[in-house]
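# Structural overview
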Amino acid sequence: MTDYVDAGEAVPHKTLSATKGQAPATGNVDFERIKNAKSEPANWLTYYGSYDGQRHSPLNQINSDNIKKLTPAWVFQAGMNGLHSGASTYSFEASPLVVEGVMYVSGPDGKVWAIDAATGEELWRYKWASPYDVSLCCGNVNRGVAVGHGKVYLYTLNAHLIALDAQTGDLVWDTVNGDVRAGESGSVAPLLVKDKVVVGSAGGEFGLRGHIDAFDAETGERQWRCYTVPKPGEPGSETWGDENAEAWQRGGANCWVTPTYDPELELLYHGTGNPAPDFDGGVRPGDNLYTDSVVAVDVNSGTIQWHYQFTPHDLWDYDSTMENLLFDAPDGRKLLAHADKNGYFFVLDRTNGELIRVFPFVDRITWGEIEPDGKVTPKVYPEEEGVPVHFWPGPAGGKEWTHMSYNPATGLIYVPVQEVGATATRRRREFKESIPYWGAGVAVDLDDFYGYTAAIDPVTGEEKWRWNNEYPMCASTLTTAGNLVFQGTPTGEFVALNAETGEKLWSFQCGSGHHSSPMTYEVDGRQYIAVPTGWGGWVEGFLPGLLGAAAGDALFCFALPES
Amino acid sequence: MTSTDRDADLAAAGLDGQNRTALGRLLGTGSIGHAEKGSDGIMRATVRIPEDELIWEPSILVFPEGGEVELTLINDDKNTHCAVLPHNGDPKIIWLVNHSKGTARLSLSGPGTYYYGSTTGNDEGRGLTGALVFGGEVPDQAKQDRPPQPRP
């Protein structure tokens, strides 16, 4: 036999593509600029568009008068190859960011792109190689990146915080922040605040002790870690049984959704996840702080200043990780709005956590009751071993992690609502690292479900209108000064509603269910609406009745005709 | 069951070759190899594609920890294949014509398992799907502040 033919050396896959490998330089994005993000609505500089989590844009070129002319401007296909991190979902769950005509967006399975926001052309790409066998409760998804200091920050599936060069996509630093052997993972969109990058843990279904971490944005060095389950001797530890109890060690309260932030108070408002095991409260007596809570964390020290627990001693998997939207009352009082999985809408004073108002925002609540003064009375829950118990809302909640939005012109908050129940049967099991730790068998209803977008006045608690849908609403809303509310449906329609009335004004069939966050921006005087699609994540939890629905991984961008 | 039992069972069931009981070679049924870490810290190993077997040999490569990897890839088959391999930054690809030899330099974090394959035709389905398995633990600063917990 002759000598081997020289096959050379393996090359990056992207070298066999049209990607440019370079994005244009933009102005520097830093804390001051993000703090004033609303003054430059052409850009979407941070996860929610602004620190307050309102997901509102002052742009109004696209409005309720001309929305019927809205048409696709371009489509970006994420695409997948290989078997590097499972064929579990491959769906978008992110909100794109845009800085001066450059879009930065993360996809599933460790992918990040810089895209020309006017044309959809791929400028650069980066793919973090994700181990196939990381413990993931909900697929290989990612909710987005942070941009600033010339870098793009991504929290990877195997819990590395990485910084990429914003112009080239090259790796700048890589910090390992979580223990994949303990069932930890990463999916949250990082938040850039001051000189820090803030991320939270994922792994509540594997008995991980939740935490929030802040890193030096330039170097990746950790500045602080804040555990969201206290250990013995710390405030709140008395809510985990007696001093010999071990439940706190695997208590949950993970923080896998981006916090909001008040620059004046210098407080991060972070939602926390379910206790572990999710459905078996017998092994963790007490309220189990700070699970299912909002914790107000001093951004400088990483200490919890106050907390409010939405579901004490949770037995239904009612994470409270979803956003805490900041707004000011007409009298100037600084408030916080939160629509919880448990079906109740909370308004708190964000300076001290005082309850202002609580009321149901879903039709069917059977798990228990929360009275106007905040008193919680559980009614239906898995208690006896092997006995099935049905309850509403199911474990995905009346509202999942996908986000509501607030329009200052209407004073309304637009909430995506899921009406889906579930049956849980307690099955006690021992804890082992990296193995699911639910304490129950769970089946979410395959029928008797529906959804709607609710327009809620947070000052009065009144539901002003609702837009009904045959299926639960599982994607974030976006509202604009064009008197519009945008939202995707599970069956693929991307819908625009009149923000004042709820009238459906426009829709476009994207060919895949929606489970992510639309946003808007402007380039060269033209407004665009972008929506990443993809029907994945945890469909078996929030809408198993559509587990077999069409799924895709395209990012659609819409605009008015140029003429 | 010993590994010899396992091999014998796979052979008896016709699962250890091409076009026997199944159409292709059942994934994950090849041999296990171990990479060697050099004095320069790089972990090296060689994988081959034997003639008409449509399998990476060894098909499971074990590395002591995450880090820098140098693979030598040899195609001893009488057909053309390729390899698309995981790598932090972007997957890497190498084209492997009949009777060829090449290298792949990879950077991968551990612990965890990655898969790679020949993505031409349906080589992956026929058996040319290999595993790169990285052992080790995460750094101490990434671990949980809690007492040691039981593992499976």
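Residues numbered from 1 in each chain as written. Chains lettered and ligands numbered in written order. Predicted model: local features only at pLDDT ≥ 70, side-chain atom pairs only at ≥ 80, totals over all residues. Heavy atoms only, no water.

### Here's the deal with the overall build of chain B
Note the following rule: Runs of H or I in DSSP of at least four residues are treated as helices and runs of E of at least two as strands, each being numbered from the N terminus. For each residue, the accessible area found with a 1.4 Å probe, counting protein chains only, is set against the maximum for its type, and the residue is called buried under 20%, exposed over 50%, and partly exposed in between. Contact between two residues is taken to exist if any of their heavy atoms lie within 4.5 Å; hydrogens are not considered.
From N to C terminus, chain B includes two helices and 10 strands. What you see in chain B, going N to C, is helices and strands ordered as α-β-β-β-β-β-β-β-β-β-α-β. Considering only C-alpha atoms, chain B reaches an extent of 50 × 35 × 25 Å along its principal axes. Looking at chain B residue by residue over its 152 residues, the buried ones come to 47%. Within chain B, residue pairs in contact and separated by at least 24 positions form 57% of the contacts whose partners lie at least 6 positions apart.

### Notes on unusual backbone geometry
The linkage connecting E57 of chain B with the following residue, P58 of chain B, adopts the cis geometry, with an omega of 0 degrees. Mapped onto the elements, P58 of chain B comes out in the loop between β3 (43–49) and β4 (60–63). Along the chain, G110 of chain B connects to P111 of chain B via a cis peptide bond; the corresponding omega equals 0 degrees. Of note, H313 of chain A is a non-glycine position whose phi angle comes to about 45 degrees, a positive value. Residue placement: H313 of chain A occurs in the loop between β20 (304–309) and β21 (325–328).

### Concerning the pattern of salt bridges
Inclusion rule: Any carboxyl oxygen of Asp or Glu within 4 Å of a side-chain nitrogen of Lys or Arg constitutes a salt bridge here.
Under the definition given, this model contains 49 salt bridges over all chains. D109 of chain A is the partner of K127 of chain A in a salt bridge, and the nearest nitrogen-oxygen pair spans 3.5 Å. With a gap of 18 residues between them, K127 of chain A in strand β8 (residues 122–127) and D109 of chain A in the loop between β6 (102–106) and β7 (111–116) connect regions that are remote in the sequence. With a closest N to O distance of 2.8 Å, D40 of chain B and R44 of chain B form a salt bridge.

### Quick word on the interface of chain A and chain B
The cut-off we apply is this: A quick way to say it: buried area is the sum, across both parts, of accessible area lost when two parts are put together, with a 1.4 Å probe. We define a polar contact as two N or O atoms separated by no more than 3.5 Å, with the added condition that, inside protein, one atom must be a possible hydrogen donor and the other a possible acceptor, whereas residues neighbouring each other in sequence contribute only through side-chain atom pairs. For this classification, Asp, Glu, Lys and Arg are treated as charged, while Ala, Val, Leu, Ile, Met, Phe, Trp, Tyr, Cys and Pro are nonpolar and the rest, including Gly, are polar.
Of the residues lining the interface, 54 residues belong to chain A; the matching set on chain B comes to 53 residues. Note on chain A versus chain B: buried area summed over both sides is about 4,300 Å², and carbon and sulfur give 54% of it. Run the count over chain A and chain B and you get six salt bridges. Here chain A is connected to chain B by 31 residue pairs in polar contact (both at pLDDT 80 or more). Those elements giving two or more residues to the side of chain A that touches chain B turn out to be β1 (5–9), β2 (11–12), β8 and β16 (222–227) of chain A. It is β1 of chain A that provides the largest number of residues to the side of chain A that touches chain B, a total of five residues. Across the side of chain A that touches chain B, the residue classes tally to 22 nonpolar, 15 polar and 17 charged.

### A closer look at the sheet that holds strand β33 (residues 463–469) of chain A
Residue and element names in this part refer to chain A. As a reminder, the rule being used: At least two DSSP bridges between two strands are required for those strands to pair. Here an axis means a line fitted to C-alpha atoms, over the contact stretch when the element is a helix, while the angle between two N-to-C directions is reported on a 0 to 180 degree scale.
The strand order across the open sheet formed by four strands is β28-β29-β32-β33, and the pairing between neighbours is antiparallel. Edge positions in the sheet fall to β28 (405–407) and β33, since each of these pairs with one other strand and no more. The sheet shows a mean angle of 25 degrees between the axes of neighbouring strands, taken without regard to direction. With seven bridges joining them, strand β29 (residues 412–419) and strand β32 (residues 450–456) adopt antiparallel strand pairing. Paired with V415 across the bridge in β32 is A454.

### A few points about the environment of G281 of chain A
Mapped onto the elements, G281 of chain A comes out in the loop between β18 (267–271) and β19 (293–298). Counting along the chain gives 132 residues from G281 of chain A to I413 of chain A, while the straight-line C-alpha distance between them is 33 Å.

### What to know about the environment of S517 of chain A
Residue and element names in this part refer to chain A. Within the secondary structure, S517 is located in the loop between β37 (504–509) and β38 (519–523). Sequence separation between S517 and S201 is 316 residues, and the spatial gap between their C-alpha atoms is 20 Å. When neighbours within four sequence positions are excluded, S517 is seen to be in contact with Y47, R55, A94, S95, P96, W401, H403, S476 and P532.

### Things to note about the sheet that holds strand β35 (residues 484–488) of chain A
All names here are of chain A. In space, the five strands of this open sheet follow the order β3-β34-β35-β36-β37, with mixed pairing throughout. Only two strands of the sheet have a single neighbouring strand rather than two, namely β3 (56–57) and β37. When β35 meets strand β36 (residues 493–498), the two strands line up antiparallel, connected through five bridges. Opposite Q487, over in β36, you have V495 as the bridge partner.

### Here we look at the packing of aromatic side chains
Residue and element names in this part refer to chain A. Rules: Two aromatic rings, drawn from Phe, Tyr or Trp (for Trp, its six-membered ring), form a pair once their centres lie within 6.5 Å of each other, and the interplanar angle then sorts them: stacked below 30 degrees, edge-to-face above 60, tilted otherwise. Criterion for a charge above a ring: Lys NZ or Arg CZ within 6 Å of the ring centre, and within 35 degrees of the ring normal.
For the structure shown, the criterion picks out 38 aromatic pairs over all chains. Arranged with centres 5.0 Å apart and planes meeting at 75 degrees, the rings of F431 and Y437 form a pair that is edge-to-face. Note on accessibility: F431 and Y437 belong to one class, buried. Ring geometry for Y521 against Y528: centres 5.2 Å apart, planes inclined by 10 degrees, an arrangement best described as stacked. Here Y521 and Y528 have matching classes, each one buried. The cationic tip of R209 hangs over the ring face of Y227; the distance from NZ or CZ to the ring centre is 3.9 Å.

### Some words on the UniProt feature "domain: Pyrrolo-quinoline quinone repeat" (unreviewed entry) in chain A
The criterion, for reference: UniProt positions are given in the numbering used here, feature names are shortened, and annotations may be inferred rather than shown by experiment.
The UniProt record annotates "domain: Pyrrolo-quinoline quinone repeat" (unreviewed entry) at residues 44–356 and 472–529 of chain A. For residues 472–529 of chain A, the end-to-end C-alpha separation is 23 Å, with 0% helix and 50% strand making up the annotated structure.

### Considerations on the state of the cysteines
All names here are of chain A. How we decide: The disulfide definition used here is simple: a pair of cysteine sulfur atoms within 2.5 Å.
Going through the model one piece at a time under the given rule, you end up with one disulfide over all chains. There is a disulfide in this structure between C137 and C138, and the S-S distance comes to 2.3 Å. Between C137 and C138, the disulfide has an S-S torsion of -100 degrees and is therefore left-handed. Taking relative accessible area as the criterion, C137 reaches 37% and is therefore assigned partly exposed. Not engaged in a disulfide, the cysteine C226 finds its nearest cysteine sulfur in C255; these two sulfurs lie 7.6 Å apart. Unpaired in terms of disulfides, C474 finds its nearest cysteine sulfur in C138, a separation of 13 Å. On the accessibility criterion, C474 (0% relative accessible area) is buried.

### Here's the deal with empty space enclosed by the protein
Under the convention used in this document: A pocket here means an open set of points on a 1 Å grid, computed over the protein atoms alone, that has protein on both sides within 12 Å along at least five of seven lines. A cavity is instead a set of points where a 1.4 Å probe fits but cannot get out; residues with an atom within 4 Å of a point line either one. Grid points are joined across faces, edges and corners, and a volume is the space filled by probe spheres set on the points.
Taken as a whole and judged by the stated rule, the model has three cavities of 30 Å³ or more. As for the largest cavity, its lining consists of A37, K38, P41, N43, W44, G49, S50, H56, S57 and P58 of chain A.

### Some points on the side chain of H56 of chain A
Structurally, H56 of chain A can be placed in strand β3. Given a relative accessible area of 13%, H56 of chain A falls into the buried group.

### Some remarks on the layout of surface pockets
Residues and elements named next belong to chain A. As a volume, the largest pocket reaches approximately 460 Å³. Along its surface, the largest pocket is lined by 37 residues, and C137, C138, E205, W256 and W538 are the ones closest to its centre. Secondary-structure elements contributing two or more residues to the lining of the largest pocket are β31 (440–444) and α2 (539–542). The leading source of residues in the lining of the largest pocket is β31, at three residues. Considered class by class, the residues forming the lining of the largest pocket number 17 nonpolar, 11 polar and nine charged. Estimated volume of the second largest pocket: approximately 360 Å³. Taken together, 19 residues line the second largest pocket, and the ones lying closest to its centre are K38, D52, Y261, P263 and R350. Listing elements by their share of the lining of the second largest pocket, those giving two or more residues are α1 (31–35), β17 (260–262) and β21.

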